[in-house]
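Chains, contacts and geometry: an overview
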Amino acid sequence: MPEIQPLHPLRNKARILLTSVFGPYAQDDEYGSRRINPMELYHNQVTREQGAFSLRMFHNSFGLMLLKENIDAPCTLLDFPTLQRFIEEIAAIPYDIIGISAIMPNLGKVKKMCSLIRAYQPHATIVVGGHIANVPELDKRIDVDHICKGEGVAWFRRFLGQDVNAPIRHPHVSSGFSTRIVGVSLKDKPGDTAAMLIPSVGCPLGCNFCSTSALFGGKGNSINFFETGDELFQVMCEIESDLKVQSFFVMDENFLLNRARSLRLLELMTANGKDWALFVFSSARVIRSYTMEQLVRLGISWVWMGLEGEDSRYAKLSGVDTRALVDELQSHGIRVMGSTIIGLEDHTPENIEDAIEHAVRHDTVFHQFMLYTPIPGTPLYAEHQRRGTLLSERELPLADAHGQYRFNYRHPHIPAGQETEMLRRAFVRDFEENGPSLARLIRVMLTGWQRYRNHPDPCVRNRIDREVKPLRTTYAAALWGMRASFRGNRRMRRKLDAILEDLYRTFGWKTRIFAALAGPYVARAIKQEEKRLAQGWTYEPATRYEQNAQAKAISRPHQAADFTPPAPQETSHSLSSLSTFPGR
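How each quantity is defined
- Residues numbered from 1 in each chain as written.
- Predicted model: local features only at pLDDT ≥ 70, side-chain atom pairs only at ≥ 80, totals over all residues.
- Heavy atoms only, no water.
- Buried < 20%, exposed > 50% of the residue type's maximum accessible area, 1.4 Å probe, protein only.
- Helix = DSSP H or I, 4+ residues; strand = E, 2+ residues; numbered from the N terminus.
- Pairing = 2+ DSSP bridges.
- Right-handed = clockwise from strand over helix to strand, strands pointing away.
- Salt bridge = Lys/Arg side-chain N within 4 Å of Asp/Glu carboxyl O.
- Phe/Tyr/Trp six-rings, centres within 6.5 Å; stacked < 30°, edge-to-face > 60°.
- Lys NZ or Arg CZ within 6 Å of the ring centre and 35° of its normal.
- Axes fitted to C-alpha atoms, helices over the stretch in contact; angles between N-to-C directions.
- Polar contact = N/O pair within 3.5 Å; in protein donor to acceptor, adjacent residues only side chain to side chain.
- Contact = heavy atoms within 4.5 Å.

Let's shift gears to the pairing of strand β5 (residues 125-129). Counting buried positions along β5 gives 5 out of 5 residues, so the element sits mostly inside the fold. Where burial is concerned, the two faces of β5 agree: the one with T125, V127 and G129 and the one with I126 and V128 are both buried. Examined bridge by bridge, strand β4 (residues 97-101) and β5 share 5 bridges and lie parallel to one another. Bridging across to β5, G99 finds its partner in V127. On the question of chirality, the crossover connecting β4 to the parallel β5 by way of helix α4 (residues 107-120) is right-handed. As defined by bridge partners, β5 adjoins strand β6 (residues 146-148) across 3 bridges and the pair is classed as parallel. Opposite V128, over in β6, you have I147 as the bridge partner.

Printed below as a string of C-alpha cells:
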C-alpha cells in the first residue's frame, strides 16, 4: 500500500458510512465470531466465570463516534449491525466512502463486508482502520482501497481536505449501555451512566505487549486531543450540560501520567465546585506519584491498573508494592480493576498457581486476566517473529488469537493447550476467594463513604454521597438476594452477611426494610438467570444508527429511492439464517 496520504476527489462533499463489523458476536461462526469472545468487555475479560453475578454491558465504538464528530462531510454511523442490516444500508443508500473499524480477530468479517461493498457499491472507496490495520499484508488479504494506520481523525481530515490542526470536537455520548447484572436489566436513564471522555490516545510507557501503544506510535509517544487542563475542563462542562452527567469514563491509556493537565483540571474543578467522578486507566508508579488527597479531590473513583504479575520486568511497576497500593486505594473508596497476565515468559505449569494466587490476593473489585499475546505491531510480536516461535494461522486462526483462549506462539515452558485451563482457573479462583464483584464494589463504596462523609470539601462529600445512594436501596437488595446463592458456602455467606450488616448499621432501618422486601425478587432473578445461562443464552448489543447534520440534510426519502444499486455479484450469504439479536 502507498504510504503517501491520499486525497479523495470529492473532499468534504463525499458521503461517508462508518461501521463496525457485523454481529452476532457471542457465537462460533465462519466469519470469526467466537462464543468465548463476546462483544462485552467485562463478561469477556473480567467477570466471565461469575455466572449470574457477571457484569453484562456493551460499550459504543468510541473511535467511530470521534471520527463522525470531526468529519465535515455527510457522515453516517452504523454500529453493531447484523449482516442483514449492513446489506440493507449499502443496498439502499449510495456512499462515496465506506469505513470499517475492527480488531484483528474480525478479519473474516471485514473481508466479507469488503466483498459485499464491491458487489453493491463498486464505486465506493473502502477504508479499513483500527487494530486490524497492523495485520501484516492486510491489503493482500482483503479488497480495500486504503488502510488507516494510527490516529483516524487526522487521517480522515487529510483524506477529505480538511484542516488537520483544527480543534477536536468531542462527541457527547454515554460510555456504555444495556447494563445487566444478577438477572436484572438496568434502564439506560440520562445521567446514570458515565460519559465517555477521550483526552489522549497511546501511552508513552510502551509496554512490549500493548497493541494500543503500538498503534499510536509506541514507546515514548502519545497523541493529546486536549493538551491542557483548561481545554479538558471546557469539554467536560459541555458534556455535563448536554448529557446531565457528573461522571466520566476516561478513555486514556494512562490519564494521570500527564501530571500538569491532571493537576490543572483539579484546580478548575475545585474553583468551580465540580463534584465529578472520574473512572481512569493508570499505572502503579504514576498513581503513587499523587497523594490520596489529590486523587480523592480529583474525583478518581475507579482505577484500571496493570498488575501484570509478581516480579514482572515492567518499569511501570518498579518499586511498587501493588497489594499495599490496592489496599490503600480501596480503603479510600477508590474501586480498583486489576489486570494480570497469564503466561509471562517465566510462567510454568509448576509456578502458575502461585502467580494466580498472587493476583487473587489483591482482592480488587474487578480483575481482568489475559493471556500473554504478541499482537502484530508490538515489540513482543517482533521478538517472537525473530525467534521463529509464532504459530501459523493454520495452527491457530487469527480469530482465536484474542487473548482469552490460546497462545498464538510456542511458549517456552507451557505446553500448547494448557493455557486455556490456566486462564479459566484464574477467573474461577478470583471468584471463589473474593466473591461476586458486585459485593466487592458495595464494600469498597461503603468504606469510602464512611471515610469521607464528613470531609471538609463539599465537592468530595457531594460526590461520595451521590455515589452511595444505591447502597441504601437497590444494592442492599442485590446483596440480600446474592446471599441465597451461597447457602452451601459458609465462608462466602459470612462475608456477604458482614457487608449487609454494615449497610444496615450505616443507613438504618429503611435500608433493612427495602432489602428484605426487594431481596427475594433479586434472588429469583438470579435463579432465572442461571437457568438461561445453563441453556446457552448469550447477550448481543442493539444496532446503533446515527447521522451528523450534513448527512441528515441530504437524507430525504426520495433521494434514497433514486439510488439503484447494481445487482450484487456475490450471493453466498444466507439471510434466512440470521435473526434479531438475543436480548435486544
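Turning next to the pattern of salt bridges. Oppositely charged side chains can form a pair if their charged atoms are brought close together. Enumeration over the complete set of coordinates arrives at 38 salt bridges. Across the pair R34 and D400 runs a salt bridge, and its minimum N-O distance is 2.7 Å. Pair noted here: R34 is in the loop between β1 (16-20) and α1 (41-45) and D400 is in the loop between α13 (379-387) and α14 (418-434), with a separation of 366 residues, a long-range link. The class of R34 is buried, set by a relative accessible area of 17%. Judged by its relative accessible area of 11%, D400 is buried.

Let us look at unusual backbone geometry. For residues other than glycine, phi is negative in most cases, and the peptide bonds are mostly trans. Look at the link from G23 to P24: it is a cis peptide, with omega at 5°. Examined against the element boundaries, P24 turns out to sit in the loop between β1 and α1. The phi dihedral of V182 is positive, around 45°, even though this residue is not glycine. Look at V182 and you get buried, because its relative accessible area is 5%. The backbone phi angle of K244 is positive, close to 60°, even though this residue is not glycine.

The next point concerns the packing of aromatic side chains. The final tally for this structure, using the stated rule, is 25 aromatic pairs. Here the aromatic rings of F80 and F177 are separated by 6.2 Å at their centres, their planes lie at 50°, and the arrangement is tilted. A residue pair is termed long-range when its members are at least 10 positions apart, and F80 in the loop between β3 (75-79) and α3 (83-92) and F177 in strand β7 (residues 176-181) qualify at 97 residues. Residue classification places F80 among the buried residues on the basis of a relative accessible area of 2%. For F177, a relative accessible area of 14% gives the class buried. With centroids separated by 6.4 Å and ring planes inclined at 80°, the aromatic side chains of F281 and W302 adopt a geometry described as edge-to-face. Of this pair, F281 sits in strand β13 (residues 277-282) while W302 sits in strand β14 (residues 300-308), and the two are 21 residues apart along the sequence. Judged by its relative accessible area of 6%, W302 is buried. Every member of this aromatic cluster is reached through a ring pair, and the members are Y25, F58, F80, F177, W537 and Y539. The ring of Y95 has R15 lying over it, and the distance from NZ or CZ to the ring centre is 5.9 Å.

Attention shifts here to the sheet that holds β13. With respect to topology, 6 strands assemble into an open sheet ordered β9-β12-β13-β14-β15-β16, the strand pairing being parallel. Both outer strands of the open sheet, β9 (195-197) and β16 (366-371), are each paired with one neighbouring strand and no more. Direction aside, the axes of adjacent strands within the sheet are offset by 20° on average. Pairing geometry for strand β12 (residues 247-250) and β13, over 3 bridges, is parallel. Paired with F248 across the bridge in β13 is L278.

With that out of the way, let us pick up the side chain of R483. Note that R483 resides in helix α18 (residues 474-483). Accessibility expressed as a relative area gives 15% for R483, which makes it buried. Only 2.5 Å separates the side chain of R483 from the side chain of D497, close enough to count as a polar contact. In this view, R483 contacts R493, L496, D497 and L500; residues no more than four positions away in its chain are not counted.

Turning to the sheet that holds strand β2 (residues 56-59), a few remarks are in order. Hydrogen bonds along the backbone pair up the strands of a sheet, which may run parallel or antiparallel. Read across the sheet, 3 strands follow the order β2-β7-β8 without closing on themselves; strand pairing throughout is antiparallel. At either margin of the open sheet sits one strand with a lone partner, and together these are β2 and β8 (184-185). Summarising the sheet, β2 and β7 pair through 3 bridges and their orientation is antiparallel. Across the sheet, residue F58 finds its bridge partner in β7, namely F177.

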